[in-house]
Amino acid sequence: SIDQIADQSAVSFDAGAVPTFVLRDGQSVRALSRVCTHMGCLLRYNAAERELDCPCHGAVFDLKGRVDPAYAVKSLPPLPSVDVRVENGTVYVLGA
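As the structure is a computational prediction, the values presented were derived from the model and not from experiment.

Enquirer: Can you help me understand the pattern of salt bridges in this one?
Expert: Applying the stated criterion to the full structure yields two salt bridges. Linking Glu87 and Arg85 is a salt bridge whose minimum nitrogen-to-oxygen distance equals 2.7 Å. The exposure class assigned to Glu87 is partly exposed, which follows from its relative accessible area of 39%. With relative accessibility at 37%, the residue Arg85 sits in the partly exposed group.

Enquirer: Any chance you could explain the nonpolar core here in plain terms?
Expert: As a rule of thumb, soluble globular proteins bury nonpolar side chains together. Judged by nonpolar contacts, the single largest core of 15 residues is most densely connected at Phe21, Leu23, Leu43, Leu52, Cys54, Phe61 and Leu79. Once residues within four sequence positions are removed from consideration, Leu43 is found in contact with Phe21, Arg34, Cys36, Leu52, Asp53, Cys54, Pro55, Phe61 and Leu79. Judged by nonpolar contacts, the second largest core, of nine residues, contains Ile2, Ile5, Val29 and Val91.

Enquirer: Any chance you could explain the pairing of strand S9 (residues 90–93) here in plain terms?
Expert: Two faces, one strand: in a regular strand the side chains alternate between the faces of the sheet. Judged by which residues are buried, S9 turns out to be one-sided: Val91 and Val93 face inward and are buried, whereas Thr90 and Tyr92, on the alternate face, are not. Across four bridges, the pairing between strand S8 (residues 84–87) and S9 is antiparallel. Each residue of the ladder has a partner; that of Glu87, found in S9, is Thr90. What sits between the antiparallel neighbours S8 and S9 is a turn of two residues, in which Asn88 has the positive phi angle 55°.

What counts, and at which threshold
- Residues numbered from 1 in each chain as written.
- Predicted model: local features only at pLDDT ≥ 70, side-chain atom pairs only at ≥ 80, totals over all residues.
- Heavy atoms only, no water.
- Salt bridge = Lys/Arg side-chain N within 4 Å of Asp/Glu carboxyl O.
- Buried < 20%, exposed > 50% of the residue type's maximum accessible area, 1.4 Å probe, protein only.
- Core = buried A, V, L, I, M, F, W, Y, C linked by side-chain atoms within 4.5 Å.
- Contact = heavy atoms within 4.5 Å.
- Helix = DSSP H or I, 4+ residues; strand = E, 2+ residues; numbered from the N terminus.
- Pairing = 2+ DSSP bridges.

Okay, here's the thing in structure tokens:
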């Protein structure tokens, strides 16, 4: 349910074989892969900083999936988006 996701936050979710973050901004919902594009570690949501942190090597991604170059060991590709839709208040994440 969209009501189970706090506004301006991210929630971890497994969409089949795809670990994701579901992100809510008002009534808008989107999803990003939780897998770091560097070494495949699972990212953690840092609520205080509103960012996605890699526990393995310190990379930091913003909530649009872009890496913060100040925290990356090298230039990393952005996090892939995952298809998501909301119908009648229910969030559907379309993973593999």
